[in-house]
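Structural features, examined
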Amino acid sequence: MNILGCGSALPTIRRNPTSQLVYVQERQLLLDCGEGTQLQLRKYKFKFHKINHIFISHLHGDHYLGLMGLLASFSLLGRKSTINIYAPKPLNEILKIHFKKGYNDLDFKINFIELNTKKEELILDDGVIEVRSFPVVHRIDCCGFSIKEKIKQGNLKKSAIDKYNISIEQIVNIKKGANFLYKGKVIPNSEIIKSPPKPRKYSYCADTKYSESIIPYIENSDLLYHESTFLEKMSDRAKTTYHSTALDAARIASKSKVKKLLLGHYSARYKNLIEFEAEAKQIFSNVVAVKDGDIFTIDLRY
Ligand SMILES: [Zn+2]
Ligand SMILES: [Zn+2]
């Protein structure tokens, strides 16, 4: 996962508005698309044509104003394949007006998937990964997203293939859970198959105030990105603007039993991110205050 932007409403030369590129199982998913996202994609040398799914959390400009430019560039670069955009309903109208009034016809189709901002929904299931949207608590309708791998079949142990001389047809059955019959003796499935890695889960909470209502959706994530626009000294401002502090994010991470917490979406007033990490560490130790360009990976676990 690559952080393209971790700033909030006011872009600064240190931080771009929010956007992340998540790559999982050969797929590239763009989470939010603040102003300047396409330049960040260029800077970090990502291929535009590999992005087929764009998820927009809400319609504050720092999360979607880069989308029109990115779509126009897709067209200029010869894109023909459909792009899937998951966003709150009004964005569909905004996009239509934007491209109609500018007489800018795109050479590809947009498949617009309207987000339900009131309850959790499975919005993408392609057999390999699942993406769910869920409501967070912000000034306007806003969703978080969780991305999870589906359970994979285990592979056969090489030693078992060699030892028992197993045919391809038998391998298919064993992978489905069948035992293996060898010289009249039943070899249990667990003896010949490796257990597959545990499915990995990444959760992304864009703009939200502190709310325990999101815990069921993000529980047990390997990695959680939770906004921390402010430090605790400005907790009153966080509440009135429907944002969180670093301490809020740490509380949610702890209660959700996630393995690692990423902080971002900092107010432009903050220069030193060490304070964000220090504040969160009072409650949750495995935390990183992200910077633009940072890359995070989730190791496979068995
Ligand atoms: Zn924002
Ligand atoms: Zn917002």
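The paragraphs below set out a description of the structure included in this document. (Residues numbered from 1 in each chain as written. Chains lettered and ligands numbered in written order. Predicted model: local features only at pLDDT ≥ 70, side-chain atom pairs only at ≥ 80, totals over all residues. Heavy atoms only, no water.)

Non-glycine residue Asn165 carries a positive phi angle of around 55°. Mapped onto the elements of the fold, Asn165 is located in the loop between α5 (158-164) and α6 (168-175). Despite not being glycine, Asn220 has its phi angle at roughly 60°, a positive value. As for its placement among the helices and strands, Asn220 is situated in the loop between α8 (215-218) and β13 (223-227). You can call Asn220 partly exposed: its relative accessible area is 46%. (Helix = DSSP H or I, 4+ residues; strand = E, 2+ residues; numbered from the N terminus. Buried < 20%, exposed > 50% of the residue type's maximum accessible area, 1.4 Å probe, protein only.)

With that settled, consider the packing of aromatic side chains. Counted under the stated rule, the structure contains 13 aromatic pairs. Considering the side-chain rings of Phe145 and Tyr204, the 6.4 Å spacing of their centres and the 15° angle between planes classify their relative orientation as stacked. Of this pair, Phe145 sits in strand β9 (residues 143-149) while Tyr204 sits in strand β12 (residues 201-205); the two residues are 59 residues apart in sequence, bridging distant segments of the chain. What makes Tyr204 buried here is its relative accessible area of 0%. Summarising the aromatic geometry, the rings of Tyr164 and Phe180 are spaced 5.8 Å apart at their centres and angled 55° between planes, so their arrangement reads as tilted. Linking Tyr164 in helix α5 with Phe180 in strand β10 (residues 180-182), this pair joins segments that are 16 residues apart in sequence. When its relative accessible area of 5% is taken as the criterion, Phe180 is described as buried. Three or more aromatic residues joined by ring pairs form one cluster here, namely Phe55, Tyr86, Phe145, Tyr204 and Tyr225. Positioned above the aromatic ring of Phe48, the side-chain terminus of Arg42 is 5.0 Å from the ring centre. (Phe/Tyr/Trp six-rings, centres within 6.5 Å; stacked < 30°, edge-to-face > 60°. Lys NZ or Arg CZ within 6 Å of the ring centre and 35° of its normal.)

Okay, the coordination of the zinc ion (ligand 2) next. At the metal site, the zinc ion (ligand 2) is ligated by His58 (NE2), His60 (ND1), His138 (NE2) and Asp207 (OD), and these contacts range over 2.1 to 2.3 Å. Given four donor atoms and angles of 93 to 164° at the metal, the environment of the zinc ion (ligand 2) is assigned as irregular. Of note, the zinc ion (ligand 2) draws all its donor residues from one chain, in the sequence arrangement H-x1-H-x77-H-x68-D. A separation of 3.6 Å is found between the zinc ion (ligand 2) and the zinc ion (ligand 1), both of which receive a donor from Asp207. Judged by relative accessible area, His58 falls into the buried class, the value being 0%. (Donors = N, O, S within 2.8 Å, 3.2 Å for Na, K, Ca; no water. Tetrahedral: all angles 85-135°; square planar, octahedral: opposite > 155°, others 65-115°.)

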